[in-house]
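# Fold and geometry: a report
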Amino acid sequence: MPDLTDAADLEACAKQFGQIPGYKDAKQRAEQCLQDAENAREIVYNDAVEAMQEAEKGNFSFKWEKAIRMLGREGLNGYRDVEELRKQAEQRRKECENAEEKERKAKERKNKRLTVAFVLVVLIACVVGWFVVTRVIPNNKYQRAVALRENGQYDDAIAAFAELGDYGDTKTQIAETWYQKALLSRENGMYEYAYTIFSSLGDYSDAAQQLSETKYQQAVSLREAGEYESAIAAFTSLNDYRDAKTQIGEMKQEKYQQAVTLRENGQYEEAIAAFEKLGDYSDAEVKIKEIKYQQAMALRRSGQYDEAIAAFTALGNYSDAEMQIKEVKYQQAVELRENGQYDDAIVAFTELKDYSDAKTQIAEMKYQQGKAFLNVMDYDNAARILITIKGYK
């Protein structure tokens, strides 16, 4: 449906066509746009007039307010008799508002008379109701809440006590209900939930002591389930509570024996991990180094010299680790010599300096290299090498 925005757009369009009157049918299009704009404005005008007619039927101020809004649109300024209609609508709205105000005051006077009588009835009812509400009903709800708790319906009991607000000792009863719920939760293995409840109870009854007992029972449960690491952590947090330290000692001994068994079965990495988790318990740290020493020796025996050297190096000054590093390097050099890799072998033996017969090994390999050059009559290279071991053999 056309509106005032359409009218404004059409007038703007007519103005553009009016700027080129002699071009094609620009003049006719301009006239058509103006006619369409007039039609759009007339529709809005007619709607406003209908709103006034509707307002006359009911004589309600809000209907005249609607008519005034419709007549007050900027696009209708100066159009036909809009200004006169606006004045009429304003006048009629004021008349309706005055009539409505008189009617409201008349109703208020009537209501006051009815109110006085009503208040008397209400006062009597309030006295009776006060006794029922403040004494009878709360007591019934209180007893119902107690019964719910005794039946183990803790959540319902808590909600029932909470509804009573400050009645009697309801706050204490709520705390007691939570306390009993925490005990039941702990019995059912819901340790974390029970711990949370006891924590929220603050200094109620022995809630603080129950926190330690809950943590203790949880730790025992973890141990029985074979979750030693979690159990040890839980017992450790209890410090001197009950036999917590004894429990820790027993579990660490079991873990220690498990680690020993892993080592005996050749599961070195698993054994090391197990001993590491024991921290400073017994000789766990020594056992770790012993196992790593065993690993290094196994690497040496299998000819994995670089890995063996790295393993012995990681052991620092443990046992004869430093001597073993030299022995591994010696074996590595011997293997290079046996494979005919004299240059690499000489470098390896040279690094060993005075260890074992390293110097003799170097001299022997240079001797063999010199002989090889002589056999092919390469006297220069033979002389260059043999002169470095002058006096050997």
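Overview of the structure. On a predicted model such as this, the values are computed, not experimentally measured, just so you know.

## Some words on the overall build of the protein chain
Scanning the protein chain from terminus to terminus reveals 17 helices and zero strands. In terms of C-alpha radius of gyration, the protein chain reaches 52 Å, well past the compact-globule figure of 21 Å for 393 residues. Seen through its principal axes, the protein chain has C-alpha atoms that stretch 140 × 95 × 25 Å. Across the protein chain, the fraction of contacts at a sequence separation of at least 24, relative to all contacts at a separation of at least 6, is 44%. Carbon and sulfur atoms make up 52% of the accessible area of the protein chain, which totals about 24900 Å². Considering the protein chain, the positive charge centre built from 54 side chains and the negative charge centre built from 67 side chains are found 6 Å apart.

## Describing the packing of aromatic side chains
Inspection of the entire model under this criterion finds 14 aromatic pairs. A centroid spacing of 5.9 Å and a plane angle of 70 degrees characterise the contact between Y216 and Y241, whose relative ring orientation is edge-to-face. With Y216 in helix α8 (residues 207-224) and Y241 in the loop between α9 (228-237) and α10 (244-264), this residue pair connects regions lying 25 residues apart in the sequence. By relative accessible area, Y216 is classed as buried at 7%. Measuring from centroid to centroid gives 5.9 Å for Y367 and Y392, while their planes differ by 70 degrees, and the two rings are edge-to-face. Here the residue Y367 occupies a position in helix α16 (residues 358-375), and Y392 occupies one in the segment after α17 (379-386), the gap between them amounting to 25 residues. Within the aromatic cluster, the residues linked to one another by ring pairs are Y142, F161 and Y167. Looking at R80, its charged tip hangs above the ring of Y45, at a distance of 5.1 Å from the centre.

## Side note on the pattern of salt bridges
Close approach of charged atoms allows side chains with opposite charge to pair. Summed over all chains, the structure comprises 21 salt bridges. A salt bridge links R223 to E254, with the shortest nitrogen-to-oxygen separation between them at 3.0 Å. Residue R223 is found in helix α8, and its partner E254 is found in helix α10; the two are separated by 31 residues along the sequence. A residue is classified by how much of its surface remains accessible, and R223, at 17% relative accessible area, is buried. Through salt bridges with shared partners, one network takes in R263, D283, K287 and E290.

## A word on the nonpolar core
What tends to happen in soluble globular proteins is that the nonpolar side chains get buried as a cluster. With 16 residues, the main nonpolar core has Y45, M52, W64, L71, L76 and A89 as its most contacted residues. Within the residue set of this core, elements represented by two or more residues are α2 (26-58), α3 (61-71) and α4 (82-150). With six residues, the top contributor of residues to this core is α2. If we ignore the near neighbours within four places in the chain, the residues touching M52 are W64, A67, L71, L85, Q88 and A89. Judged by nonpolar contacts, the second largest core, of 13 residues, contains A333, A345, Y355 and A358.

## Topic: the side chain of T170
For T170, the location among the structural elements is in helix α6 (residues 170-187). Given the relative accessible area of 1%, T170 is considered buried. Side-chain polar atoms of T170 contact the backbone oxygen of G165, separated by 2.8 Å. The residues touching T170, leaving out its near neighbours within four places in the chain, are Y142, F161, L164 and G165.

## Brief notes about the environment of Y179
Relative to the helices and strands, Y179 resides in helix α6. Using a relative accessible area of 10% as the deciding quantity, one classes Y179 as buried. A C-alpha to C-alpha distance of 23 Å links Y179 and N140, two positions 39 residues apart in sequence. Setting aside chain neighbours within four positions, we find Y179 in contact with F198, L201, Y204, S205, D206, A207 and Q210.

## Observations regarding the environment of R92
Turning to its location among the elements, R92 is positioned in helix α4. On the accessibility criterion, R92 (19% relative accessible area) is buried. Sequence separation between R92 and W64 is 28 residues, and the spatial gap between their C-alpha atoms is 7.1 Å. Setting aside chain neighbours within four positions, we find R92 in contact with E56, N59 and W64. Here the side chain of R92 touches E95 through a polar contact of 2.3 Å, side chain to side chain.

## Some thoughts on the packing of α10 against helix α11 (residues 268-277)
Remark: α10 packs on α11, axes separated minimally by 8 Å, with the N-to-C direction vectors making an angle of 160 degrees. Classified by the angle their axes make, α10 and α11 are roughly antiparallel. At the point where α10 passes α11, the crossing takes the left-handed sense. Side by side, α10 and α11 meet where Y256, A259, V260, L262 and R263 of the first sit next to Y268, E270, A271, A274 and F275 of the second. Tallied by class, residues from the contact of α10 with α11 come to eight nonpolar, no polar and two charged.

## Some points on the packing of helix α15 (residues 342-352) against α16
The geometry of α15 relative to α16 is characterised by a closest axis approach of 9 Å and an angle of 155 degrees between their N-to-C directions. Judged on the interaxial angle alone, α16 and α15 are roughly antiparallel. Handedness of the crossing formed by α15 with α16: left-handed. Across the interface between the two elements, Y342, D343, A345, I346, F349, T350 and L352 from α15 touch A358, Q361, I362, M365, K366 and Q369 from α16. Classifying every residue of the contact of α15 with α16 gives eight nonpolar, three polar and two charged.

Rules and cut-offs
Residues numbered from 1 in each chain as written. Predicted model: local features only at pLDDT ≥ 70, side-chain atom pairs only at ≥ 80, totals over all residues. Heavy atoms only, no water. Helix = DSSP H or I, 4+ residues; strand = E, 2+ residues; numbered from the N terminus. Rg over C-alpha atoms; globule rule 2.2 N^0.38 Å. Contact = heavy atoms within 4.5 Å. Areas by Shrake-Rupley, 256 points an atom, 1.4 Å probe, with all protein chains shown as cover. Lys, Arg positive; Asp, Glu negative; His and termini not counted. Charge placed at Lys NZ, Arg CZ, Asp CG, Glu CD. Phe/Tyr/Trp six-rings, centres within 6.5 Å; stacked < 30°, edge-to-face > 60°. Buried < 20%, exposed > 50% of the residue type's maximum accessible area, 1.4 Å probe, protein only. Lys NZ or Arg CZ within 6 Å of the ring centre and 35° of its normal. Salt bridge = Lys/Arg side-chain N within 4 Å of Asp/Glu carboxyl O. Core = buried A, V, L, I, M, F, W, Y, C linked by side-chain atoms within 4.5 Å. Polar contact = N/O pair within 3.5 Å; in protein donor to acceptor, adjacent residues only side chain to side chain. Axes fitted to C-alpha atoms, helices over the stretch in contact; angles between N-to-C directions. Parallel < 35°, antiparallel > 145°, perpendicular 65-115°, else oblique. Left-handed = near helix turned anticlockwise from the far one by under 90°. Nonpolar A, V, L, I, M, F, W, Y, C, P; charged D, E, K, R; others polar.

These figures come from the coordinates and say nothing about function on their own.
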